[in-house]
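Residue-level structural notes
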Amino acid sequence: MILNTLSLVNYKNFESQVFDFDSKINCFVGANGVGKTNALDAIYHLAYGKSYFNPIALQNIKHGSDFFVVDGHFTKNERKEKIIVSLKKGQKKIIKRNGKAYDKFSDHVGFIPLVIISPADRDLIIEGSDTRRKFIDSVISQSDKPYLTALIAYNKILSQRNALLKFFALNNTFNADTLAIYNEQLNTYGTEIFEKRNAFLKIFIPIFKDRYEAISQSKEAIDLKYKSDLFDGNLLSLLKSNLNKDKALQYTSVGSHKDDLVFTIDEFPIKKFGSQGQQKSFLIALKLAQFDFIKKQSGVSPILLLDDIFDKLDENRVAQIVSLVDDDHFGQIFISDTHADRTETIVKQIHQSYKLYKL
Ligand SMILES: Nc1ncnc2c1ncn2[C@@H]1O[C@H](COP(=O)(O)OP(=O)(O)OP(=O)(O)O)[C@@H](O)[C@H]1O
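The residue numbering used here restarts from 1 in each chain and proceeds along that chain's sequence as written. Selection of residues for local features in this predicted model requires a pLDDT of at least 70, selection of side-chain atom pairs for listing and counting requires 80 or more, and totals for whole chains, interfaces and linings are taken over all residues.

Going along the chain from the N terminus, every DSSP run of H or I of four or more residues is numbered as a helix, and every run of E of two or more is numbered as a strand. Regarding its fold elements, the chain presents 11 helices and 14 strands. Our radius of gyration is a C-alpha quantity, and the globule rule it is checked against amounts to 2.2 Å times the number of residues to the power 0.38. A compact globule built from 359 residues should have a C-alpha radius of gyration of about 21 Å, and the chain, at 22 Å, falls within 12% of that. With respect to the three principal axes, the spread of C-alpha positions in the chain is 65 × 50 × 35 Å.

Written out as structure tokens, the structure is:
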């Protein structure tokens, strides 16, 4: 998967900008706030149809403008592909592939395989379980459309069931038949989600551990465990046995929407006991494992975005990361860094062919 050119109009701080990329390594360098991360985010937008950093779509339009356009020309399996993401204030976002707008954005998921490694990944460690669920969901959905369909359906029924529980709290009555239908449907989709998350993690965790070991040279024992209510029984019986609790809480307290990933270092939570460098290595290993998994499933090398990853890592770990991405396993790589000299030194070790954009 190669991004050949990228054109931006009114995207964040870019009024009008065209990039012509190298097929291997591209670096955005410059002072704080010049737009290095924004350039990576524009590329992310083409793959995921949204920003990695700002969930409020309108805030990606340049201040003072009323639209943005991100336009990318790719080569995938020797075919040219043109993806455009555009947004105009007051209108719906449009994603087009080769001139044709998608009816459903979920149809675009996975078409441009891409992995980003960024300081913002820290949310995976420090924030709530929803960020970790989003991470697994996003990885599985790249190669499993029925999973994404089940997830969308599950979330829709979940909000309907929660609305029913709220209705009960206000009126002290509700339609038990409707609840039974919601329970059945949640059980069907929830079981599929659980089985697929479980199967995915069985493959993913060993890849992740290998990656961490390679970065840290085995100095510490890390682990990642899947936590789910569904290990305690089937969802239908859990929903039934928790009904009184759910009525009191006015929401559904058990199910796949409560799943989590537990991250540990030497058996202690990494959030509290991991150093900044260890946490960073953990996240990089997680993302490189995502890369490996997507590549294995799709047969295509995802585009790799490395946002500011060289800070806070000792030279040893930087060298390890460089040696890891320094092989044919990786395709096109985009790097952002504040230090042009440091970037050039590192990049030269990875590959002879590269482009440096001073923003
Ligand atoms: N919608 C927008 N319109 C105009 N400018 C914006 C918009 N959103 C963000 N910016 C600007 O983009 C700049 C930040 O860009 P970005 O995060 O890409 O910086 P960076 O070069 O990666 O910096 P750092 O080295 O600090 O990470 C800020 O100056 C911010 O004001």
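For the rest of this paragraph, the subject is the environment of Asp266. With respect to the element layout, Asp266 can be found in the loop between strand E10 (260–265) and strand E11 (268–269). Counting other C-beta atoms within 10 Å of a residue's own tells you its class, since 20 or more makes it buried, 12 or fewer makes it exposed, and anything in between is partly exposed; those C-beta atoms are placed from the backbone. Looking at Asp266, the number of C-beta atoms within 10 Å reads 13, which means it is partly exposed. Setting aside residues no more than four positions away along its own chain, Asp266 makes contact with Glu220 and Ala221. This entry defines residue contacts through backbone-placed C-beta atoms, with two residues in contact when those atoms are within 7 Å.

Here the focus is the site of the ligand. Close to the ligand lie 18 residues, the nearest being Asn13, Asn32, Lys36, Thr37 and Asn38. Broken down by element, the shell around the ligand gets its largest block of residues, three residues, from helix H1 (residues 36–48). Three classes are used: nonpolar for Ala, Val, Leu, Ile, Met, Phe, Trp, Tyr, Cys and Pro, charged for Asp, Glu, Lys and Arg, and polar for all others, with Gly counted as polar. Along the lines of polarity and charge, the residues of the shell around the ligand split into two nonpolar, 12 polar and four charged. Nearness here has a simple definition: the residue's C-beta atom, placed using the backbone, must lie within 6 Å of the molecule or strand.

A few words on the nonpolar core. Core analysis: the biggest nonpolar cluster contains 71 residues, and Ile43, Tyr44, Ala285 and Leu305 have the highest contact counts within it. When we break this core down by domain, the ones giving at least three residues each are domain 1 (1–113 + 300–359) and domain 2 (128–297). Beyond its immediate sequence surroundings of up to four residues, Ile43 is in contact with Leu3, Leu6, Ile303, Leu305 and Phe334. Note on terminology: a nonpolar core is a set of buried residues of type Ala, Val, Leu, Ile, Met, Phe, Trp, Tyr or Cys, with members joined through C-beta atoms within 7 Å. Grouped together as the second largest cluster of nonpolar side chains are 13 residues, Ile193, Phe194, Leu235 and Leu238 included. Residue ranges labeled as domains rest on an automatic or database domain assignment.

Taking 1.5 Å per residue, 23 residues should reach 33 Å; helix H9 (residues 276–298) reaches 33 Å between its end C-alpha atoms and fits that length. A positive backbone phi angle near 75° is found at Gly299, which sits one or two residues after H9. Expected span of a helix: the number of residues minus one, times 1.5 Å.

Strand pairing is assigned whenever DSSP identifies at least 2 bridges connecting the two strands. As summarised here, the arrangement of the five strands in space is E8-E12-E13-E3-E14, forming an open sheet in which the pairing is parallel. Where the open sheet ends on each side, the last strands, each with one partner, are strand E8 (114–117) and strand E14 (354–358). On average, adjacent strands in this sheet sit at an angle of 15° to one another, irrespective of strand direction. Taken together, the five bridges between strand E3 (residues 25–29) and E14 define a ladder with parallel strand orientation. Looking at E14, one finds that Phe28 is bridged to Tyr357. On top of the sheet, H1 reaches E3, E8, strand E12 (303–307) and strand E13 (333–337); it is set at about 150° to E12, its chief contact. Orientation is described by axes fitted as lines to C-alpha atoms, over the contacting stretch for helices, and by angles from 0 to 180 degrees between their N-to-C directions. Against the sheet, H9 contacts E8 and E12, and its axis sits at roughly 175° relative to E8.

Let's shift gears to the sheet that holds strand E9 (residues 222–227). The strand order across the open sheet built from three strands is E9-E10-E11, with neighbouring strands paired in antiparallel fashion. Edge positions in the sheet fall to E9 and E11, since each has one partner strand and no second. Sheet topology places E10 next to E11; two bridges connect them, and they run antiparallel. If you follow Thr264 over to E11, its bridge partner there is Pro269.

UniProt positions are given in the numbering used here, feature names are shortened, and annotations may be inferred rather than shown by experiment. UniProt tags Gly30, Ala31, Asn32, Gly33, Val34, Gly35, Lys36 and Thr37 as "binding site: ATP" (unreviewed entry). Position of Asn32 among the secondary structure elements: in the loop between E3 and H1. Judged by the 7 C-beta atoms lying within 10 Å of it, Asn32 is exposed. With 23 C-beta atoms packed within 10 Å, Lys36 lands in the buried category.

Further remarks concern the environment of Ile140. Turning to its location among the elements, Ile140 is positioned in helix H3 (residues 129–143). Residues Ile140 and Val109 lie 31 residues apart in sequence; the distance between their C-alpha atoms is 10 Å. Other than its neighbours up to four places away in sequence, Ile140 contacts Tyr147, Lys196 and Phe200.

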